[in-house]
Every structure is written in C-alpha cells, then in structure tokens.
Amino acid sequence: MIRRIDINKAMAICLRNGVKVYPVVKGRSFVIHVEDNGKVIQYDKQVDSSKVANAMIKVYKHFASVIKKKEDAN
C-alpha cells in the first residue's frame, strides 16, 4: 500500500491529521523528524542531501498508510 499512494495524497492525509515531516541538519547530513500532533519523533538514520527527498517521501507514505488503515478500521 505504501508504494501505491501518490506523494501528494500522502502529504495531504498527513497534514490534515497533524503529521509533518521535515529534515534537520546534523553535521554534513540530515536526519528526518516527524511531528505527530506535537510529539516529535527523530529517525536515527542519517541521509545525505541527495537522498533526503526520497527519505521524506517514504516517511510521508508510511504515515499516510497508517492513518488510512486507522480510518478504514473505524
């Protein structure tokens, strides 16, 4: 399901539900932070500038998938 969802739709689902994904500089690379309704989650894996966009896409799609599963269950 994660790969099938369009990134624009995934971002819209996340943002409507209070989930924001953004990169934070750590040394010469980046770590991905997720703000989930005020709670900040930091991923440990560091990515370089050429891979930060793909990492953010994967995280947005993952969270959108989780949100959709919760909505479908209700």
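Thresholds applied
Numbering of residues starts from 1 in every chain and runs along the sequence as written. With pLDDT at 70 or above as the cut-off, local features in this predicted model cover only qualifying residues; side-chain atom pairs require 80 or more to be listed or tallied, and sums for whole chains, interfaces and linings still use all residues. Side-chain metrics in this entry use all non-hydrogen atoms of the structure; hydrogen atoms and water are not considered. For cavity detection a 1 Å grid was placed over the protein atoms alone, and a set of points counts as a cavity when a 1.4 Å probe fits there but cannot get out; an open set counts as a pocket when protein lies on both sides within 12 Å along at least five of seven lines, with lining residues being those that have an atom within 4 Å of a point. Grid points are joined across faces, edges and corners, and a volume is the space filled by probe spheres set on the points. The way it works is that DSSP assigns letters per residue, a run of H or I at least four long becomes a helix, a run of E at least two long becomes a strand, and they are numbered from the N terminus. For this classification, the nonpolar set comprises Ala, Val, Leu, Ile, Met, Phe, Trp, Tyr, Cys and Pro, the charged set comprises Asp, Glu, Lys and Arg, and every other residue, Gly included, is treated as polar. The buried label applies to any residue whose accessible area, calculated with a 1.4 Å probe on protein chains only, is under 20% of its type's maximum; exposed applies above 50%, and partly exposed to all values in between. Polar contacts here mean pairs of N or O atoms no more than 3.5 Å apart (in protein, one a potential hydrogen donor and the other a potential acceptor; neighbouring residues in sequence count only if both atoms are side-chain atoms). Axes here mean lines fitted to C-alpha atoms, for a helix over just the part in contact, with angles spanning 0 to 180 degrees between N-to-C directions. For classification, angles of less than 35 degrees are called roughly parallel, those exceeding 145 degrees roughly antiparallel, those between 65 and 115 degrees roughly perpendicular, and all remaining angles oblique. In this scheme the handedness of a crossing depends on how the near helix is turned from the far one: anticlockwise by less than a right angle means left-handed, clockwise means right-handed. Contacts are residue-level and defined by heavy atoms, with any inter-residue pair within 4.5 Å sufficient. Strand pairing is assigned whenever DSSP identifies at least 2 bridges connecting the two strands.

Glancing now at the layout of surface pockets. The volume enclosed by the largest pocket comes to roughly 230 Å³. Looking at the largest pocket, the residues that line it are I32, Y43, K45, V47, K51, N54, A55, K58, V59 and H62. Considering each element in turn, the lining of the largest pocket owes the most residues, 5 residues, to helix α2 (residues 52–73). Classifying every residue of the lining of the largest pocket gives 5 nonpolar, 2 polar and 3 charged.

Time to look at the side chain of H33. Summarising the element assignment, H33 is placed in strand β2 (residues 29–36). Residue classification places H33 among the buried residues on the basis of a relative accessible area of 13%. Polar contacts involving the side chain of H33 include one to the side chain of Q42, which spans 3.1 Å.

On to the packing of helix α1 (residues 7–16) against α2, then. What describes two packed helices is the angle between their axes and the distance between those same axes. One way to put it is that α1 packs onto α2 with a least axis distance of 8 Å and a crossing angle of 60 degrees. Overall, the two elements α1 and α2 adopt an arrangement that is oblique. In the crossing of α1 with α2, the sense of the turn from one axis to the other is left-handed. Within the contact between the two elements, α1 uses I7, A10, M11, I13, C14 and L15 and α2 uses I57, Y60, K61, F63, A64, I67 and K68. Partitioning the contact of α1 with α2 into residue classes produces 11 nonpolar, no polar and 2 charged.

So, about the sheet that holds strand β3 (residues 39–42). The 3 strands lie next to each other as β1-β2-β3, forming an open sheet whose pairing is antiparallel. Looking at which strands have only one partner, the edges of the open sheet turn out to be β1 (19–26) and β3. Adjacent strand axes in the sheet meet at a mean angle of 30 degrees, parallel and antiparallel pairs treated alike. As defined by bridge partners, β1 adjoins β2 across 8 bridges and the pair is classed as antiparallel. Considered in β2, the bridge of P23 is made with I32. Its contacts with the sheet put α2 on β1, β2 and β3, and the angle it makes with β1 is roughly 155 degrees.

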